[in-house]
Amino acid sequence: MSRRSKRTRKLREDSPVASSSSSVTGEATLEETNSGSDYEARPTRPASKVARKTTSKTARASRPGTRRRGKLQEMLDMPLDVILDICSHLNPKDLLNLARTSRDLREFFMSRNTLPFWKAARLNTEKLPPCPSDLSEPAYANLMFDAHCHNCLSKNCNYVYWQCRIRLCKSCRRSHEVSSMEAQIQYQDVILMMSRTFINVVPSLNPGCYPGDNTYYGPQLAEFSAAFKKTPHDSRESFLRKREELVAIAKEDWEQLDYYIYVSKDSRSIELDNVREGRREAIFERLRQEDWQLEIAYMNTTHGRTRYERFARLPEVRKAQALTPRIWNNIRQPIINFMHDVRNARFVNARRLTVVKRLQAMHKLVAEIVPQIQRCTLSSIEVALCIPEVSKMLEADFENFDAQKFQDVIRASIPEYLEKRAQYARKYFEKLFRDQFGVDASVDLFALAVAAYFKCACCNFSVSFDNVLHHLCGSGSITKPETMSEECYNLINGHFWNQRVRTVEPFRSTFDRMAKVIEACGLDVSTATTQDLDRPDIRLQCIQHLSDHYIPIMTWRTAVCAHDPGTSPTFLLATEEQVSAVKDLEPIAEALHQASLASDREFRCTHCDTTTTPKFSKEALMAHLKTSHDIAEPVEDLDWKDEHTRLTSPSPVYLVSDKRREFPDDWNTQGYFEKGVAVYFEFESVYRGREVPAILSQNPYFSSDV
């Protein structure tokens with residue numbers, strides 16, 4: 001049997017826990033049962049029937065230097081003022097844990113005489129709100145500081161429902177939560193007897209919401225309904241008023257109590273973060289002593305930031321516990337293994353930065369060389385990937401690198417590469433024509449008019465051979481050179497992500513359209529040249545718009561590019577009278593064309609994403625390059641691109657039927673007359689005394705005019 005002092009036995013005798021029965025008045029007392037609190041009147045443990053025998057182990061435990069159990073029991077023999085002084089240095093959670101150490105201590109701290117101890121502990125906690133009037137000090141401490149669910153006793157239950165005076169985990173709330181609609185259906189008889197809802201008589205789990213969205217704790221609803229039904233009819237109104245008062249008291253301070261828990265959790269989180277930071281700095285100091293300074297400095301850079309974040313997330317590093325020599329010996333090896341990975345990453349990053357510096361020097365040198373070469377379109381990514389000598393030097397000799405030799409190699413390689421690229425383009429198109437159309441090998445293909453233009457498969461526009469390697473759509477990716485590492489290849493593509501590589505593969509021949517135009521001009525497709533088609537007496541008329549009583553007259557170049565790519569217009573050779581009638585209109589159409597190019601010509605910045613960057617006028621482009629990229633003297637094809645690489649030509653001039661003079665406001669032709677590119681013409685005079693082509697004689701509009 002354990003020894004008991006007279007004062008302890010006297011306290012037990014005076015305690016109402018042992019002498020009084022459970023309260024039935026409904027008022028909250030220190031000894032009442034409260035769900036999940038320390039007020040439960042636990043049954044006293046019966047005395048052992050057989051006295052404990054002293055064994056050799058207990059004898060050894062009582063020897064000096066060995067651990068002795070039950071030392072806190074001696075606290076009950078201390079004077080009350082000493083215990084009060086001790087409790088004034090504790091917080092309610094410490095006092096709650098102390099009361100749960102043994103049955104005797106619990107019995108002592110749960111008595112009314114220890115109320116000053118609980119108040120002293122509560123006042124010792126900074127900014128802790130006062131105890132609610134409907135709760136005792138131990139119940140308040142249990143609700144505020146004990147992080148166990150009151151229903152399933154699971155740990156780390158961090159949310160308190162203050163109006164219900166209960167702490168619940170998520171699963172228990174989901175299983176015991178009753179919505180307002182469910183409560184009305186389940187307890188319909190109680191609501192009819194009360195003539196009111198549960199809003200003001202049962203506390204809500206979600207205070208502050210719309211009244212119709214209230215939810216209740218199921219056991220409290222059941223307890224209230226059972227108590228209401230047991231209450232006599234003449235006492236039910238007073239019972240409800242008392243319940244309304246209790247709920248009103250619970251509603252008064254729930255926001256203040258909830259805010260304290262939120263702030264305390266935040267302050268605790270900050271405290272733990274400070275401990276982790278101190279542990280991290282202590283680990284860094286240990287690593288510096290083992291010559292890992294460069295790796296630590298790398299983790300603090302932009303490139304090594306991800307490594308630092310991974311380091312901070314290591315279980316050995318993020319633990320909220322101060323570092324000691326013993327702890328360091330236990331966690332040293334995993335951290336050293338991680339630092340070896342950081343060292344490898346640092347070496348890779350150093351090589352990467354070296355390659356980037358060489359790419360920047362190469363780009364600057366290319367910007368100086370390209371303007372000196374006439375009609376040159378070349379991007380830095382082509383120089384880096386398509387010239388083998390440059391590709392090898394980009395990632396070679398990291399220790400001993402000759403920058404001057406690198407520049408000399410670039411200067412010598414660019415003209416040779418441009419010549420090889422042009423030869424490849426000529427061979428590609430020659431093979432395209434000779435394979436598909438059987439052009440003889442002795443004939444100069446590019447001297448023929450049929451090979452003057454090529455069609456881009458991306459935008460479907462016609463592009464002259466001189467502009468094939470300048471066309472914006474003619475771009476593609478470059479395969480990795482065999483001598484280059486995958487890392488360097490990805491680095492180059494990432495560094496020059498907004499640059500395009502001009503290729504000829506997207507282009508197709510325009511043989512069908514060119515053959516139709518050449519045959520309409522009355523020439524042989526296999527022998528006609530561009531000089532033959534440029535004769536001033538050769539003009540074409542397009543009878544596609546004949547139904548509108550006007551005929552467009554145009555050069556062969558306009559016939560190739562002026563119509564939509566998907567259409568198939570029909571061309572006829574214009575007569576001498578038609579050519580003579582539009583002779584004075586063609587200079588006007590040419591002037592309008594040049595003015596349109598000057599005002600509507602669009603340019604694109606090569607330093608911005610080509611998929612999202614808008615097109616600029618020349619003045620706006622120069623301002624953009626200066627303000628956004630700090631480039632005062634931009635270079636064409638390196639800093640900006642001309643969007644008008646496709647074939648352009650003056651608009652046609654129009655011959656309008658003389659019979660349309662009666663309709664000067666005809667919207668089909670009014671705009672042409674305002675621009676000065678249309679003239680009235682007597683269609684009868686064109687084929688007077690001549691044979692009318694079959695395609696015109698079958699047209700009712702032309703027949704009516706003739």
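Everything discussed here concerns the structure shown above.
So, here is what we can say about the structure in this document. (Residues numbered from 1 in each chain as written. Predicted model: local features only at pLDDT ≥ 70, side-chain atom pairs only at ≥ 80, totals over all residues. Heavy atoms only, no water.)

On to the overall build of the protein chain. Within the protein chain, the regular secondary structure consists of 31 helices and 16 strands. For the protein chain, long-range pairs separated by at least 24 residues make up 67% of all intrachain contacts whose partners lie at least 6 apart in sequence. (Helix = DSSP H or I, 4+ residues; strand = E, 2+ residues; numbered from the N terminus. Contact = heavy atoms within 4.5 Å.)

Now for the side chain of N214. Secondary-structure assignment places N214 in the loop between α11 (188-194) and β4 (215-217). Contacts of N214, omitting those with residues within four sequence positions, involve V178, S179, S180, I199, S204, N206 and C209.

Take the sheet that holds strand β5 (residues 453-456) next. If you trace the 3 strands from one edge of the open sheet to the other, you get β6-β5-β9, paired in antiparallel fashion. If you trace the sheet from one side to the other, it starts and ends with β6 (462-464) and β9 (507-509), each paired once. Each strand axis lies, on average, 45 degrees off the axis of its neighbour in the sheet, ignoring direction. Where β5 and β9 come together, 3 bridges link them in antiparallel fashion. Its bridge partner lying in β9, F454 is registered against S509. (Pairing = 2+ DSSP bridges. Axes fitted to C-alpha atoms, helices over the stretch in contact; angles between N-to-C directions.)

Further remarks concern the packing of helix α14 (residues 254-289) against helix α16 (residues 305-312). Running from N to C, α14 and α16 point in directions that differ by 110 degrees, and their axes come no closer than 12 Å. The orientation of α14 with respect to α16, classified from their angle, is roughly perpendicular. Between α14 and α16 lies a crossing of right-handed hand. Packed against α14, whose contacting residues are R280, I283, F284 and L287, the element α16 presents Y308, F311 and A312 at the interface. Taken together, the residues that form the contact of α14 with α16 break down as 6 nonpolar, no polar and 1 charged. (Parallel < 35°, antiparallel > 145°, perpendicular 65-115°, else oblique. Left-handed = near helix turned anticlockwise from the far one by under 90°. Nonpolar A, V, L, I, M, F, W, Y, C, P; charged D, E, K, R; others polar.)

Core analysis: the largest hydrophobic core is formed by 36 residues, its most contacted members being F429, F454, V517, I518, L540, W556 and F571. Those elements that provide at least two residues to this core are α21 (403-437), β5, α23 (511-520), β10 (540-542) and α25 (556-561). Counting residues per element, this core draws most heavily on α23, at 5 residues. In this view, F454 contacts F429, F433, F446, F461, S462, V463, F465, V468, F507, R508, S509 and T510; residues no more than four positions away in its chain are not counted. (Core = buried A, V, L, I, M, F, W, Y, C linked by side-chain atoms within 4.5 Å. Buried < 20%, exposed > 50% of the residue type's maximum accessible area, 1.4 Å probe, protein only.)

This paragraph deals with the packing of aromatic side chains. Under the defined criterion, the tally for this structure stands at 18 aromatic pairs. Ring geometry for Y140 versus W162: centroids 6.5 Å apart, planes at 55 degrees, classification tilted. Taken together, the positions of Y140 in helix α8 (residues 137-145) and W162 in the loop between β1 (160-161) and β2 (166-167) put the pair 22 residues apart, joining distant regions of the chain. Both residues of the pair, Y140 and W162, count as buried. Both rings, one in Y187 and one in F198, keep their centres 6.0 Å apart while their planes meet at 85 degrees; by these two values the pair is edge-to-face. Taken as a pair, Y187 in the loop between α10 (180-186) and α11 and F198 in the loop between α11 and β4 lie far apart in primary sequence, 11 residues in all. Overall, the relative accessible area of 2% leaves F198 in the buried class. Ring pairing ties together the aromatic residues Y187, F198, Y216, F224, F228 and F239, which thus form one cluster. One Lys or Arg, R236, reaches over the ring of F228 and ends 4.8 Å from the middle of that ring. (Phe/Tyr/Trp six-rings, centres within 6.5 Å; stacked < 30°, edge-to-face > 60°. Lys NZ or Arg CZ within 6 Å of the ring centre and 35° of its normal.)

With that settled, the discussion passes to a nonpolar patch on the surface. Together, Y259, Y262 and V263 make up an exposed nonpolar region whose accessible area comes to about 350 Å². Take Y262: it is sitting in helix α14. (Patch = residues over 30% accessible without salt bridge, like charges linked within 9 Å, V, L, I, M, F, W, Y side chains within 5 Å. Areas by Shrake-Rupley, 256 points an atom, 1.4 Å probe, with all protein chains shown as cover. Salt bridge = Lys/Arg side-chain N within 4 Å of Asp/Glu carboxyl O.)

What follows deals with the pairing of β5. Here β5 pairs with β6 via 3 bridges, running antiparallel. Within β6, the position partnered with F454 by the bridge is V463.

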